[in-house]
Amino acid sequence: GAGVSQSPRYKVAKRGQDVALRCDPISGHVSLFWYQQALGQGPEFLTYFQNEAQLDKSGLPSDRFFAERPEGSVSTLKIQRTQQEDSAVYLCASRGLRETQYFGPGTRLLVL
Amino acid sequence: GESVGLHLPTLSVQEGDNSIINCAYSNSASDYFIWYKQESGKGPQFIIDIRSNMDKRQGQRVTVLLNKTVKHLSLQIAATQPGDSAVYFCAEIPWSSYKLIFGSGTRLLVRP
C-alpha cells in the first residue's frame, strides 16, 4: 500500500506567520510520530499519538507548536508565529504492530 | 537539491567494494536498533533492524552487527552501488520507550 505522505513538501513563511503541516500515515497504523530535522542533523522527536490521543508532547520546542490527530488518522502539526529558528524539515512517521517507524518525505519549512 | 548532511563524516568507496558504516549508541538500556538511509530531499528509509538479544542480522546485501559490550553498531553493505549513496543514520529505542534516538549520521559516497 501507499507509504506515509506529507503536505506541503515545501513551505516558505514570513516570520510571524502561522503554518500547518499535514501527515497522512500508512493506513491502519495506530501510532504516529512527528520529528524535526535540522540541516546536517538526525531527526529529533517532537510528539507521539496513539490513535487520537497525544500521549507525549515532550519534544515540542515551545507552546507555539501544536499537533492534533482528531480522528486517529491524519495529523496536523501547527506552528504559530513562526520564527527563523523553526526552519527545518518536519518529518512524520507511523508505526504498525512492530516497532519499526516508517517515515514520510518531510515538509521543508523555511522561515524568512 | 537540498543536502541532507553538510558537515557529516563521509565514507567514500569504490563501486563494487564493501562498505562499513559505524555508529556508537548512547543508552545501554536500548532494546531495538535500526539503520535508516536518507537520500537528499527525502525522508529516512528503513534498511534493517536488530534487537538487543541478537549480535548479527542479515538482509539483502546488508548486515547489521551489534556489540553491546562497547555499545557499537555497524552496517555492512556488500557490493556497494551508486544508488547506495546517501546519508545513513543509526537509531535506537530504549527499552519500554517508543522514541527513536538518532545518531549523527554518515554520508556514503560511491565512486563509479
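Per chain, residue numbering runs from 1 following the sequence as it is written. Think of it this way: whatever chain is written first is A, whatever ligand is written first is 1, and the rest follow in order. Reporting of local features is limited, given that this is a predicted model, to residues whose pLDDT is at least 70; pairs of side-chain atoms are given and counted only at 80 or more, and all residues count toward the totals for whole chains, interfaces and linings. Note that the side-chain values use all heavy atoms of the structure and ignore hydrogens as well as water.

A. Local environment of the overall build of chain A. The helix and strand inventory of chain A stands at zero helices and eleven strands. Helix and strand definitions here come from DSSP, where helices need a minimum of 4 consecutive H or I residues and strands a minimum of 2 consecutive E residues; each element is numbered from the N-terminal end. When the helices and strands of chain A are listed from N to C terminus, the series reads β-β-β-β-β-β-β-β-β-β-β. Each radius of gyration is computed over the set of C-alpha atoms, and the globule rule expresses the reference value as 2.2 Å times the number of residues to the power 0.38. Whereas a compact globule of 112 residues would reach a radius of gyration of roughly 13 Å, chain A reaches 13 Å, a difference of no more than 12%. If one aligns the C-alpha atoms of chain A with their principal axes, the spans along those axes are about 40 × 25 × 20 Å. By the burial criterion, 47% of the 112 residues in chain A qualify as buried. Residue contacts are defined here by distance: any two heavy atoms, one from each residue, within 4.5 Å place the two residues in contact. In chain A, 50% of the contacts between residues at least 6 apart in sequence involve partners at least 24 apart. In short, Shrake-Rupley with a 1.4 Å probe defines the accessible areas, and a residue's cover is counted only from the protein chains shown. Within the structure as shown, chain A displays about 5500 Å² of accessible surface, and the carbon and sulfur contribution to it stands at 48%. Only four residue types enter the charge count: Lys and Arg as positive, Asp and Glu as negative, with His and the chain ends excluded. In this description, the location of a charge corresponds to atom NZ of lysine, CZ of arginine, CG of aspartate or CD of glutamate. Counting 13 positive and 11 negative side-chain charges, chain A places the centres of these two groups 6 Å from one another. Whether a residue is buried, partly exposed or exposed follows from its accessible area with a 1.4 Å probe, protein chains only, as a fraction of its type maximum: under 20%, in between, or over 50%, in that order.

B. Inspection of the interface of chain A and chain B at higher detail. Facing 25 residues of chain A, the contacting portion of chain B comprises 24 residues. Roughly 1900 Å² is buried in total at the junction of chain A and chain B, and carbon and sulfur atoms are behind 53% of that figure. Summed over both partners, the accessible area (1.4 Å probe) lost when two parts come together is defined as the buried area. Of all residues in chain A, A:Leu39, A:Glu99 and A:Phe103 give up the largest surface area on contact with chain B, accounting jointly for 24% of the area buried on that side. A carboxyl oxygen of Asp or Glu within 4 Å of a side-chain nitrogen of Lys or Arg is what we treat as a salt bridge. Between the two partners, chain A and chain B, sit three salt bridges. In this structure, the salt-bridge partner of A:Glu99 is B:Arg51, at a minimum N-O distance of 2.1 Å. Pairing of N or O atoms within 3.5 Å defines a polar contact, subject to two protein rules: one partner must be a possible hydrogen donor and the other a possible acceptor, and residues neighboring in sequence count only if both atoms are side-chain atoms. Where chain A meets chain B, there are twelve residue pairs in polar contact (both at pLDDT 80 or more).

C. Just the sheet that holds strand β3 (residues 19-24) of chain A, in detail. Residues and elements named next belong to chain A. Strand pairing follows a simple DSSP-based rule, namely that at least 2 bridges must link the two strands. Strand order in the open sheet formed by four strands is β1-β3-β8-β7, with antiparallel pairing between adjacent strands. Strands with a single pairing partner mark the edges of an open sheet, and in this sheet they are β1 (5-7) and β7 (65-68). Adjacent strand axes in the sheet meet at a mean angle of 15°, parallel and antiparallel pairs treated alike. The pairing of β1 with β3 spans three bridges and is antiparallel. By the bridge assignment for β3, Ser-7 is matched with Arg-22. Helix axes use the C-alpha atoms of the stretch in contact, all axes being lines fitted to C-alpha atoms, and the angles between their N-to-C directions lie in the range 0 to 180 degrees.

D. The packing of aromatic side chains, seen in detail. Between 30 and 60 degrees the pair is tilted, below 30 it is stacked and above 60 it is edge-to-face, where a pair is any two Phe, Tyr or Trp rings, Trp via its six-membered ring, whose centres lie within 6.5 Å. This model, assessed by the stated rule, comprises 16 aromatic pairs over all chains. Relative to B:Tyr98, the ring of A:Phe33 has its centre 6.4 Å away and its plane inclined at 40°; by these criteria the two rings are tilted. Here B:Tyr98 lies in the loop between β8 (86-94) and β9 (101-102) and A:Phe33 lies in strand β4 (residues 31-37), a pairing that spans two chains. Accessibility expressed as a relative area gives 0% for A:Phe33, which makes it buried.

E. The arrangement of the pairing of β4(A) in detail. Residues and elements named next belong to chain A. Within β4, seven of the seven residues are buried, which leaves the element mostly enclosed by the surrounding structure. Burial along β4 is two-sided: the face carrying Ser-31, Phe-33, Tyr-35 and Gln-37 and the face carrying Leu-32, Trp-34 and Gln-36 are both buried. The sheet contact formed by β4 and strand β5 (residues 44-50) spans six bridges and is antiparallel. What sits directly across from Leu-32, in β5, is Phe-49. Joining the antiparallel neighbours β4 and β5 is a turn of six residues, in which Gly-40 adopts a positive phi near 80°. As paired elements, β4 and strand β9 (residues 88-95) share seven bridges and run antiparallel to each other. Of the residues in β9, the one forming a bridge with Gln-36 is Tyr-90.

F. Seen up close, the state of the cysteines. Residue and element names in this part refer to chain A. Working definition: a disulfide is two cysteine sulfur atoms within 2.5 Å of each other. For the coordinates displayed, the defined rule picks out two disulfides over all chains. Each sulfur in the disulfide pair Cys-23 and Cys-92 lies 1.8 Å from the other. Where Cys-23 bonds to Cys-92 through sulfur, the torsion about that S-S bond is close to -65°, and the disulfide is left-handed. On the criterion of sequence distance, the pair formed by Cys-23 in strand β3 and Cys-92 in strand β9 is long-range, its members being 69 residues apart.

G. Region of interest: the environment of B:Leu73. Residues and elements named next belong to chain B. Here Leu-73 is to be found in strand β7 (residues 72-77). Judged by its relative accessible area of 1%, Leu-73 falls in the buried class. Along the primary structure Leu-73 and Cys-90 are separated by 17 residues, whereas in three dimensions their C-alpha atoms are 7.8 Å apart. Setting aside anything within four residues of it in sequence, one finds Leu-73 in contact with Ile-21, Asn-22, Cys-23, Phe-33, Trp-35, Ile-50, Val-64, Leu-65, Leu-66 and Cys-90.

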